[in-house]
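Residue strings, one per chain:
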Amino acid sequence: MTIWKYECKRLLWNKFFCGFVLIVLFYGWQVLSSVTILGVSHTAPFSPWSFGDYLCRMIPLLWMGTLLLLTFFTSGKARRVGALTDAAPVAPRRYALARCAAALTGALALALGCILQAAVFYGWYFDWYGWGTLALPALLSLLPVLMFALGSGWVLGQIRPWLLYVWMLAPVVCRVLPLPGALGIWSGAFFSGYPLTLENLDPAWSVPAGVLAAQCGLLAVGAALLAVRPVCAKRSQAG
């Protein structure tokens, strides 16, 4: 717990993180006030579909923020410190777990900022506070993405730190590729396109089995990758 608190303080209480939060909030407000306010696919602005579309538009920045947090642990300076912590009485895996937990805390803080901003927006413009209906879209959209970003970024950062910066482009590329329907959250097409395939003009919230399976799979893969320690990373530390 002490290590986690220290890493959280190092990651979250700095000018870089505060500046990135402001960027995320500024972009989020632009999306809410120019796109979400009109409603998505003939649904209300505060429907699960419009809210999910807003979150999907925020995913590239949240993904980037998660990977940027990991750069604090994969830089040259962090690797030199890692050689010392590996020699400490505390198990190296404990340090790694604490760092992953701190990065996940920062990513969840960014996501929570987006959600709270939407809450303020809905309350200010529509006097609407029915947040119970939006919990599932938030979990389905953000939790698998953040966990997969954390797990894949953790592995790539140990292999080569610069791979994290290349991997930041993944959500942007996904939005321009013709992805299958099961990956509609990544392409941004699920929340805007799937309601149009349903019978009602303002359909109730529902998730196809393929989309649910894809998101659960990404969540599981991301969690599993956190336990991976690439061979090249072990050799570099041994040398």
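## Overview of empty space enclosed by the protein
Under the criterion given, the structure shown has one cavity of 30 Å³ or more. Along its surface, the largest cavity is lined by C56, I59, P60, P171, R175, I185 and W186. Its residues assigned to classes, the lining of the largest cavity shows six nonpolar, no polar and one charged.

## With respect to the environment of L116
With respect to the helices and strands, the residue L116 is situated in helix α5 (residues 92-126). Residue class for L116 comes out partly exposed when judged on its relative accessible area of 49%.

## Some words on helix α11 (residues 209-225)
Between its first and last C-alpha atoms α11 spans 24 Å; for 17 residues at 1.5 Å apiece the expected length is 24 Å, and the two agree. All of the buried residues in α11 are V211, A214, Q215, L218 and G222. The arc that holds every buried residue of α11, seen down its axis, measures 95°, which confines them to one face. Against α6 (135-159), α9 (184-187) and α10 (190-193) lie the buried residues of α11.

## Details of the packing of helix α3 (residues 48-74) against α6
With their axes 9 Å apart at the nearest point, α3 and α6 run at an angle of 20° to one another. For the element pair α3 / α6, the angle class is roughly parallel. When you trace α3 past α6, the crossing you get is right-handed. When its residues are assigned to classes, the contact of α3 with α6 shows 18 nonpolar, seven polar and no charged.

## Some words on the confidence of the model for the chain
Across the chain, pLDDT averages 87, with 88% of residues at or above 70. Long-range and interchain partners of residues 235-239, a stretch whose pLDDT sits below 50, account for three contacts in this model, where long-range means more than four residues apart.

## Considering the packing of aromatic side chains
Summed over all chains, the structure comprises 28 aromatic pairs. Residues F190 and Y194 carry aromatic rings whose centres are separated by 5.4 Å and whose planes lie at 20° to one another, so their mutual orientation is stacked. Residue F190 is classed as buried on the basis of its relative accessible area, which comes to 4%. Aromatic rings pair up to connect W29, F46, F51, Y54, F121, Y122, Y125, F126, W128 and W131 into one cluster.

## Thoughts on the side chain of S187
Position of S187 among the secondary structure elements: in helix α9. On the basis of relative accessible area, S187 is assigned to the buried category, the value being 14%. Separated by 3.4 Å, the side chain of S187 and the backbone nitrogen of A189 make a polar contact. Those residues in contact with S187 that sit more than four places away from it in its chain are C174, R175 and L179.

## Details of the packing of helix α1 (residues 2-12) against α3
Axis separation between α1 and α3 bottoms out at 11 Å; the angle between their running directions is 115°. When you trace α1 past α3, the crossing you get is right-handed. Between α1, through E7, R10 and L11, and α3, the contact on the second element is made entirely by L69, F72 and F73. Grouping the amino acids of the contact of α1 with α3 by side-chain chemistry returns four nonpolar, no polar and two charged.

## Some thoughts on a nonpolar patch on the surface
Together, L108, L136, L139 and L143 make up an exposed nonpolar region whose accessible area comes to about 360 Å². The element best represented in the nonpolar patch is α6, accounting for three residues. Looking at the element boundaries, L139 is found in helix α6.

## Some points on the nonpolar core
Judged by nonpolar contacts, the single largest core of 54 residues is most densely connected at F51, Y54, L62, W63, L70 and I185. Excluding residues within four positions of it along the chain, L70 makes contact with A103, A149, L150, G153, W154 and L164.

## Some details on the side chain of S152
As for its position among the elements, S152 is in helix α6. Judged by relative accessible area, which is 6%, S152 ranks as buried. Engagement of the side chain of S152 in a polar contact is seen with the side chain of W167, the distance being 2.8 Å. For S152, the residues in contact, after removing those within four places along its chain, are W63, W167 and L225.

Thresholds, definitions, all that
- Starting afresh in each chain, residues are numbered from 1 along the sequence in its written order.
- Only residues with pLDDT of at least 70 are given local features in this predicted model, and only at 80 or more are side-chain atom pairs given and counted; all residues enter the totals for whole chains, interfaces and linings.
- To get the side-chain values, take all heavy atoms of the structure and skip hydrogens and water.
- Space inside and on the surface of the protein is sampled on a 1 Å grid over the protein atoms alone, with a cavity defined as a set of points where a 1.4 Å probe fits but cannot get out and a pocket as an open set with protein on both sides within 12 Å along at least 5 of 7 lines; lining residues have an atom within 4 Å of a point.
- Grid points are joined across faces, edges and corners, and a volume is the space filled by probe spheres set on the points.
- Each residue is assigned to one of three groups, with Ala, Val, Leu, Ile, Met, Phe, Trp, Tyr, Cys and Pro labelled nonpolar, Asp, Glu, Lys and Arg labelled charged, and all others, Gly among them, labelled polar.
- The numbering of helices and of strands both runs from the N terminus, where a helix is a DSSP run of H or I of at least 4 residues and a strand a run of E of at least 2.
- Under the scheme applied here, a residue whose accessible area is under 20% of the maximum for its type counts as buried, over 50% as exposed, and between as partly exposed, the area being computed with a 1.4 Å probe on protein chains only.
- The span expected for a helix works out to 1.5 Å for each residue beyond the first.
- Relevant arc is that of directions from the helix axis to the C-beta atoms, nothing else.
- Any two residues whose heavy atoms approach within 4.5 Å are treated as being in contact.
- Axis definition: a line fitted to C-alpha atoms, limited for helices to the stretch in contact. Angles are taken between N-to-C directions and run from 0 to 180 degrees.
- Angle categories are assigned with fixed cut-offs, so that under 35 degrees is roughly parallel, over 145 is roughly antiparallel, 65 to 115 is roughly perpendicular, and the rest are oblique.
- The crossing is said to be left-handed when, going from far helix to near helix, the turn is anticlockwise and less than a right angle, and right-handed when the turn is clockwise.
- The score called pLDDT rates the predictor's confidence residue by residue, from a low of 0 to a high of 100.
- When the centres of two rings from Phe, Tyr and Trp lie within 6.5 Å, Trp using its six-membered ring, the rings pair. Their planes under 30 degrees apart give stacked, over 60 give edge-to-face, and anything left gives tilted.
- Polar contact criterion, stated in full: a pair of N or O atoms within 3.5 Å, where within protein one must be able to donate a hydrogen and the other to accept it, and residues adjacent in sequence count only if both atoms are side-chain atoms.
- Patches in this entry comprise residues that are over 30% relatively accessible and not in a salt bridge; like charges within 9 Å are linked, as are nonpolar side chains (Val, Leu, Ile, Met, Phe, Trp, Tyr) within 5 Å.
- Residue burial considers only the protein chains on display, and all accessible areas are found by Shrake-Rupley using a 1.4 Å probe.
- Salt bridges are identified by distance alone: a Lys or Arg side-chain nitrogen within 4 Å of an Asp or Glu carboxyl oxygen.
- Put simply, buried Ala, Val, Leu, Ile, Met, Phe, Trp, Tyr and Cys residues joined by side-chain atoms within 4.5 Å make one nonpolar core.

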